[in-house]
Amino acid sequence: MLLQAVLIAALFPLAESGKTIRSHLTATWEDTSLLHEAGEYIKDIGGDKMLWEYIDRLLQGSVDEVKSQEDAYHAVLAAAKEMLPLTLQSTLNMAMASRYYSPRVAAQSTLCTANITSSSYLVSPTGSVATTAAGAQNLLESCATDDISNGRHSSSIQSFDSVMKGGDEPRILLSLCTRFSDPDFKEFYQRAREITKQNPHVAVAVRYRAGEEGDKRLSLQGYGVSMMIKDMEYKAMDDKDRTTDDATDQEVGDEEEESDVIMGLKFGKISETWSQSTDAISDLRDILREEESSKKAAVDINLKVWQIQNLGYQTCYKILKSSTPLSTLQSISQDFPRHANSLSRIQNPSIKRISKALKKAQNAHPAAYAYGEGSSSLFIAGSQVDIENLSSLSLYELVSREFKISHRVSSVVGKTASVSVPNEDAVLEVAAKILKTGGGNEDEAATTSSAKRYNLNTDIVSFMNDIEKDDMYSDWPSSIAAITKTSPYGMPTFPKRNLFTAINVLDPTKRAALETVHVSFMLQRQQAPIRTGFVIVDPSEDPESVASHVSCAFLTLFDAMPEHAFGFLYGLRSSGNSEEITVDEVVEAFSQATGKSDLSELVKSKSCSSRLQAANDGAKLLGLLSPGTTLLFNGMLSRNNPQQIVETFYSEMETVGTWWKQKLLKNSEKDIYSWIMNHFNAASKYQPKLTEGVKQVTISDDSTLLSPGEENWIFREDYNFDIPATSFVLTVDGDDEQGSVKTISELLAHFLSPDPPAISERARVVVTGGSKFATNLRAVFAKATSLSPQKRVAFLFNTLTEGVPDGDASPSPKNDFPQNTVFCNGKLIDLGQPGPDFGAGDFKELGESVGSLTSSIKTILDGVTWTDLLSGDEVADEVNGDWIGTKIMAATALVSAHKEVTKAHPRRGKAPPSPPPLTSENCGKPCRIGFVVEPRSDLTAPVSSQIDIVAVINPLSVDSQKISAILSVLHSQLPVRISIYLNPETSMSEIPIRTFYRYVSTTKVKFTDDGNIADPTATFTRLPEEQVLTMGVHEPEPWIVTTKSATYDLDNIKLSTVVGNVLTAHYELEHILVSGSCYDKSTKQPPRGLPLELSGKTDTLVMSNLGYFQLKASPGVWDLAIKEGRATDIFSIVKDESIIGGDTRDPSTVVVDSFNGVNLGLRVDRNKGFEKTKFLEETTDDSDIKEDNQDTSIMGKISSFLGGSDTKKAQPETADTRPQRPTLNIFSVASGHLYERFLKIMIHTTMQHIDDPKGKQRVKFWIINNFLSPQFKKTIFAMAEKWDFEVELVTYKWPSWLRRQTQKQRIIWGYKILFLDVLFPLDVEKVIFVDADQIIRSDLHELYNLDLEGKSVAYTPFCVESENKDTSGFRFWTSGFWKDHLAGAPYHISAIYVVDLQKFRKNGNGDSYRMIYDNLSADPNSLANLDQDLPNYAQRMVPIHSLPEHWLWCETWCNQESKKAAKTIDLCNNPLTKTPKLVNAKRIVPEWESYDNLIDEFEQACANGKGDDFSIPGKK
């Protein structure tokens, strides 16, 4: 290895020669002080109390002498060394390096709005300012003392605030806007303390103040940058950027035999001389060969198939033989194009051994390979991490949380009432065992889907169809494997098995409820692979009711003629106009079906009544005996409407496919529905209070529950002073006499049950309220404390049964939890929410739901020798069962809350268990399936406190590029042990990675010479100089990033044309997202189309897809509201049930204080009087959907009845003056300088043809910001002023739940079609999309105002009447799948189309597009032309109005004769000639060059400061 190091050092200049690419990313806010960022970290560990200690330590030092970030860094380390254990010091260093807390500090500064940037100051609720500490008293005296809030965020305590309080309920909030390094900070800080101590009604929030305008912006990390070798099939480069002629990619011939001489070094001779260093010499040969290759024309990725097929194994061999395998993995994956050739030449017997070992490991470690060959997954401390949304920032949060929870659990374990000094290492070891316990949450079955399932007895179900037996499904394949396959065109296939069962529990008294019958008929008619059944119930349980008549008639018909039974229900749906079904209608419908006009005798019969009773009993068990209809889809509660059924179906389809792949579900299963119920351990009873709104909470350090002594607890009668591991705390409102007695009695009944729990339990009842009854009730419990533990429960139960006697007065006690709740080892249940009363059985189930984790922790603590763990003479007297039970309760609450937060939500369903860390026992020597990276020796920490990270990595994947880099950063900073299972693809047919990649994440804080923090950058060297590269930024999910500055076209980088040795690119973080899900409280479904806005600055719609919404923000405090209008008439945000980050807060206040954004769970409720009002009504127009043109695909068969639009015509605006709103909205997208050049010409030709002699027209262009260059952004606004149009740059972040594309072109296509309903502000009613490379030859107002005949979208069909016969062979839609699917409908081109956004949003068309896309894109071979294939495929769901052919002429598809009538000309690619775009433009459109020259002249004029003098010839 010494030889290798010496030679590489000597030759290093060779490796670093050539040109360099650097990129960096900054925030929109100024750099924040490390002093404050560290303070936020410390507050997260120990709250405000620990923060004040930190500040005191800073003030004891020389914090007022801190002049730079480097000074601040050393001040922080000095203070932290005295306060934090080593592991937390490590995570503090990582927090500062990653700038994790900067958004929180920046958010504070947004509330310090006084224009004071050089010193501290105090602000009152009314906005008055004190600039000296001495002036604080005057400021205080000027405050109104009745309320701390005047409606401004700055006068309200925010979640990020550090607050000094004089009392529990302060009425006045002062803000201390400061920096810890301010010369006057100490004086202000001490004065603030004095004020709060002297005034109980006053609180002071310590907030970071902003600095000078123009201060250095925060430089960011935690993102990736790629350089992709571009496919130049159509040579789409801007010739104006070139300084040399086009370079033609040379064909790569067969590989010659390896040369023994590389860069003048004779490796044969070297190997003979240094025979003991064969591996090092081999590594050096590979490095120099790759360097020599990179000095030639291009990096060779055009390998033959036989060279590619074993690359996975060859890469594994290379990694495993390295002495630094993680570094080698990172190097190969991040620079794979440079390594590909040399890897393909590796021939070694070890490759076969690796292949055999990997195949053997798949059986030995099924959890590691659960997602199949070539997949990657990551587990931290046993919890799966979502790789798709992984960043160093999110991973820091997870790892830091592990260390912090270890610290908190340690404090619980080591806490005593006596004065004792815990053995810290021993306590940490116990805490580590607790955190690594295998106990889990019994609410979650070991399965791939986290949705709760309920088992309804199928004996009471009447099924409409049976996939396995009915003739209509007889030609379907028999094997379940069909669910994982697709047709040749990427469409899903299904087996003739009952994989999907939809059971409708139906109260038939409401006509609207019978709509479910219509839906079921449609599903069956369209051969949807869903078995559908009905259970008719009678919530009134009245034998003479309408429901009794319907049930009897239906069951009688079902026994004799099943098809007539469902026809009978279908007929009732339309038999009258009133909402209520009548008995007469039922009798009439039954008579028409049977000829019998009397139902009364049948209804009275035992047969009918007993079957209805059985249905009622079965529904009642699940809490489903209620008005309306409830759907159980494979046991999951769902809403019975077409959209919801289809969405649930697709979700379950993916889950079933996973079961098959994991070999859980087999063809041999006879009853798949029963298998699903057993697999999920489906519940036979539904208590919504146990499943909905359950919160995981922890116990505060000052809680009364932690006080020693068993006198306040209730035990079972057989209690033998063992450890009561499960603790219930019931908090009731004593002012509610009846309700409190009933709930307490049910708890006591559980404790009196003869069926003992698996582990010992105890309970405490807290009675709140000031009434006489509440006082008497508290007296009863006080009396019980004097009894022996075993006698308390019977005494209390009997007393409550006989009547509560008068007792001594007592104040309402301090309660840890809200009224009408029950706490059980971390779970908090709201007993006041709707649903059945909480009974003794529910208390039993609640205890069992925490049983596994509780039992595991009990076993650990039961085995501790406490006198060894905790020194101190009084400890032995403390230790008893009750004392340990309290620790179990607190520890279980901490761990269960921690597990809830870290629970992974991967796209593929519930995470499998973590694979075991690799050891010599389970991996072997040498290990051929992976490797282990042990913790660094210089990061000292007890072994027990090390965190295990297990990664399963396909080394030749884009996931590997990011994971390997992030793991390297973690390993360099924290005591982590990393086990990596290699999971390559066993055979490949195409090159797996075409990109070079760098992940920007510094291992420690680095400083410049002036003490500022050095900018983290992505640096690329040794890149090919003749191949065209495309730069891409891969930012965390909540970020919206755009280019800030770049000299060259980042889409088409050719290094040989770059002047100088360094190309730089500067990106900017424009927004951090506020996103989440919104649900209607009453229906528990998304309120589709509900408009939301954030502080009036950005708005969006709630999607039907998961109720998702997304809003753009930045650090600060924002107001979330429903947008004013019809929506606010119908809906209001629910104040007490919206969940933000797991905490109950006012959802209308949104705090953005993290790089990880804000994820909201928003609930809305209907206003009084609007309970039944439909917010949006889907309209239909099926006039052009003929019966004989039915969609024959499965998707169409499920969905064809959903779409449509109304027939109202769009009306043009006819104002006599220039309108205030645009009369023409045009939407486009461009990436790269060439397409931006085309886009400018498209805009020019559009404006050139606007016929507006009276100034009545107003044109606005909407351009997607994501892909634009800085140069274009500058030019387009100058053009807007000169050409007299408006322009707005828009963006929308691709949601994580929607399957992503990886190729840039396909991402752009996705943005053209998938987000039309949410991309524009809600007041934009209509838009035309126009491709950037189009030439406009008419006034687009004509198209904008065209009658779309009730449709929401309009496209132009590919030329049919004027077809170009030369390209007929490329018309793929005229044969095969597309011909069958279209069934006579045209296939349309997406270069220009119209969207009526009002109809599009109202009909939920965007939701439909996304739903279909998400399903079809699971197969990478489907939707080859995404932006065209999707709307054409979905025509049955989203009907298309076909525009006249003259609206789009394209030489590829249209003949020359039709060109003269063309209103637009598209420069589409020609697959026959593959002529470059620029050549086509100049040939097809003779005037194109004059347009191009005009724009060029304008840009030159602007550059010379003469843009105002420029004139546009021929402008109308």
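Now for a description of the structure that goes with this document. (Residues numbered from 1 in each chain as written. Predicted model: local features only at pLDDT ≥ 70, side-chain atom pairs only at ≥ 80, totals over all residues. Heavy atoms only, no water.)

## With respect to the sheet that holds strand S34 (residues 1091-1094)
Note the following rule: Paired strands, as defined in this entry, are two strands with at least two bridges between them according to DSSP. Numbering of helices and strands runs from the N terminus; a helix is a DSSP stretch of H or I covering at least four residues, while a strand is a stretch of E covering at least two. To get an axis, a line is fitted to the C-alpha atoms, and for a helix only the part in contact is used. The angle between two axes follows their N-to-C directions and goes from 0 to 180 degrees.
Spatial strand order, S35-S34-S37-S41: four strands in an open sheet with antiparallel pairing. Strands with a single pairing partner mark the edges of an open sheet, and in this sheet they are strand S35 (1098-1101) and strand S41 (1149-1152). For this sheet the average axis-to-axis angle between neighbouring strands, irrespective of direction, equals 25°. Two strands pair when backbone bridges link them, and strand S37 (residues 1116-1122) and S41 are joined in this way by four bridges, in the antiparallel orientation. Paired with Val 1117 across the bridge in S41 is Val 1151.

## What about the state of the cysteines?
Put simply, the rule reads: Pairs of cysteine sulfur atoms within 2.5 Å are what we label disulfides. The buried label goes to any residue with under 20% of its type's maximum accessible area, the exposed label to any with over 50%, and the partly exposed label to all in between, with areas taken from a 1.4 Å probe on protein chains only.
By the definition in use, this model includes four disulfides. Across a sulfur-sulfur distance of 1.8 Å, Cys 1359 and Cys 1454 are joined as a disulfide pair. What sets the handedness of the Cys 1359 and Cys 1454 disulfide is the S-S torsion sign, and at about 75° it is right-handed. Here the residue Cys 1359 occupies a position in the loop between strand S48 (1353-1357) and helix H41 (1376-1382), and Cys 1454 occupies one in the loop between strand S51 (1449-1450) and strand S52 (1464-1466), the gap between them amounting to 95 residues. Using a relative accessible area of 3% as the deciding quantity, one classes Cys 1454 as buried. Each disulfide pairs two cysteine sulfurs, and for Cys 1450 the partner residue is Cys 1468, the sulfurs being separated by 1.6 Å. In this pair, Cys 1450 is assigned in strand S51 and Cys 1468 in the loop between S52 and helix H45 (1477-1484), connecting sequence segments 18 residues apart. Cys 1468 shares its class with Cys 1450; the two are buried.

## Quick notes on the nonpolar core
Condition: Note on terminology: a nonpolar core comprises buried Ala, Val, Leu, Ile, Met, Phe, Trp, Tyr and Cys residues joined through side-chain atoms within 4.5 Å. Residues count as neighbours in contact if any of their non-hydrogen atoms are within 4.5 Å of one another.
Judged by nonpolar contacts, the single largest core of 172 residues is most densely connected at Leu 35, Tyr 41, Tyr 54, Ile 929, Ile 980 and Leu 1090. Per-element tally for this core: the top contributor is helix H2 (residues 34-60), with 13 residues. In this structure, Tyr 41 is in contact with Leu 84, Leu 88, Thr 91, Leu 92, Ala 95, Tyr 101, Tyr 396, Ser 400 and Lys 404, ignoring residues within four places of it in sequence.

## A closer look at unusual backbone geometry
Most of the time, phi is negative for any residue but glycine, and the peptide bond is trans. Within the chain, Phe 721 stands out as a residue other than glycine whose phi angle is a positive 65°. Relative to the helices and strands, Phe 721 resides in the loop between strand S20 (714-715) and strand S21 (726-733). The backbone of Asn 820 shows a phi angle near 55°, a positive value even though the residue is not glycine.

## Topic: the packing of aromatic side chains
What counts is decided by this rule: By convention, a stacked pair of Phe, Tyr or Trp rings (six-membered ring in the case of Trp) has centres within 6.5 Å and planes under 30 degrees apart, an edge-to-face pair has planes over 60 apart, and any other such pair is tilted. Lysine NZ or arginine CZ positioned within 6 Å of the ring centre and within 35 degrees of the ring normal marks a charge as sitting over the ring.
Here the structure, examined in full by the defined rule, presents 58 aromatic pairs. For the pair Tyr 454 and Tyr 686, a centre-to-centre distance of 4.8 Å together with 75° between the ring planes defines the contact as edge-to-face. With Tyr 454 in the loop between helix H16 (424-435) and strand S14 (462-463) and Tyr 686 in the loop between helix H24 (672-679) and strand S19 (695-696), this residue pair connects regions lying 232 residues apart in the sequence. On the basis of relative accessibility, which here comes to 3%, the residue Tyr 454 falls in the buried class. Plain terms: the ring middles of Trp 1373 and Trp 1453 are 5.5 Å apart, the flat faces sit at 65° to each other, and that makes the pair edge-to-face. With a gap of 80 residues between them, Trp 1373 in the loop between S48 and H41 and Trp 1453 in the loop between S51 and S52 connect regions that are remote in the sequence. Among the residues examined, Trp 1453 registers a relative accessible area of 11% and is labelled buried. Three or more aromatic residues link up through ring pairs in this structure, and these residues are Phe 1358, Phe 1372, Trp 1373, Phe 1377, Trp 1378, Tyr 1387, Tyr 1433 and Trp 1453. The aromatic ring of Trp 883 is capped on one face by Lys 887, whose charged end is 4.6 Å from the ring centroid.

## Re the side chain of Arg 778
To keep things clear, this is the line we draw: Positive residues here are Lys and Arg, negative ones are Asp and Glu, while His and the chain termini are left out of the count. Every case where a carboxyl oxygen of Asp or Glu lies within 4 Å of a side-chain nitrogen of Lys or Arg is listed as a salt bridge.
Structurally, the position occupied by Arg 778 is in helix H26 (residues 772-784). As a buried residue without a salt bridge, Arg 778 has its nearest oppositely charged side chain in Asp 735, at a separation of 6.8 Å. Those residues in contact with Arg 778 that lie beyond four places of it in its chain are Val 767, Thr 768, Gly 769, Ser 810, Pro 811, Ser 812 and Pro 813.

## Description of H24
What counts is decided by this rule: Two N or O atoms count as a polar contact when they lie within 3.5 Å, although within protein this holds only if one can serve as hydrogen donor and the other as acceptor, and sequence-adjacent residues are included solely when both atoms are side-chain atoms.
Burial within H24 is extensive, with six of its eight residues counted as buried. Turning to H24, its buried residues number three or more, namely Ile 672, Tyr 673, Trp 675, Ile 676, Met 677 and His 679. The backbone nitrogen of Tyr 673 lies 3.2 Å from a side-chain oxygen of the residue at the head of H24, namely Asp 671. Once H24 ends, the next one or two residues include Asn 681, with phi positive near 50°.

## So, the sheet that holds strand S23 (residues 821-824)
The strand order S19-S24-S23-S21-S22-S20 describes an open sheet built from six strands, whose pairing is mixed. Each having just a single partner strand, S19 and S20 make up the two edges of the open sheet. In the sheet, S20 pairs with strand S22 (residues 761-768) via two bridges, with the strands oriented antiparallel. Bridge pairing in S22 links Ile 714 to Ala 763.

## Observations concerning the pairing of strand S28 (residues 976-982)
Put simply, the test is: We call a crossover right-handed when, viewed with both strands directed away from the observer, the connection leading from the first strand over the helix to the second proceeds clockwise.
Taking burial as the measure, the seven residues of S28 include seven buried ones, the bulk of the element. The side-chain alternation of S28 yields two buried faces, one formed by Val 976, Ile 978, Ile 980 and Leu 982 and the other by Arg 977, Ser 979 and Tyr 981. Summarising the sheet, strand S27 (residues 947-953) and S28 pair through seven bridges and their orientation is parallel. If you follow Ile 953 over to S28, its bridge partner there is Leu 982. In this view, the connection linking S27 to its parallel neighbour S28 by way of helix H34 (residues 958-973) has right-handed handedness.

## Let's talk about the environment of Thr 1356
With respect to the helices, strands and loops of the structure, Thr 1356 is situated in strand S48. Once the C-alpha coordinates of Thr 1356 and Trp 1449 are considered, the two residues, 93 residues apart in sequence, prove to be 9.6 Å apart. Excluding anything up to four places from it in sequence, Thr 1356 contacts His 1388, Ile 1389, Ile 1392, Leu 1443, Pro 1444, Glu 1445, Trp 1447 and Leu 1448.

## Some points on the pattern of salt bridges
Throughout the structure, instances matching the rule amount to 48 salt bridges. The shortest N-O distance in the salt bridge between Asp 1015 and Lys 216 comes to 3.2 Å. Separated by 799 residues along the polypeptide, Asp 1015 in the loop between strand S29 (995-1000) and strand S30 (1018-1020) and Lys 216 in the loop between strand S6 (202-208) and strand S7 (217-219) bring together distant segments of the chain. The partly exposed category is assigned to Asp 1015, whose relative accessible area is 38%. Judged by relative accessible area, Lys 216 falls into the partly exposed class, the value being 35%. A salt bridge links Arg 401 to Glu 397, with the nearest nitrogen and oxygen atoms 3.2 Å apart. Taken together, the positions of Arg 401 and Glu 397, both in helix H15 (residues 392-414) and four residues apart, correspond to about one turn of that helix.

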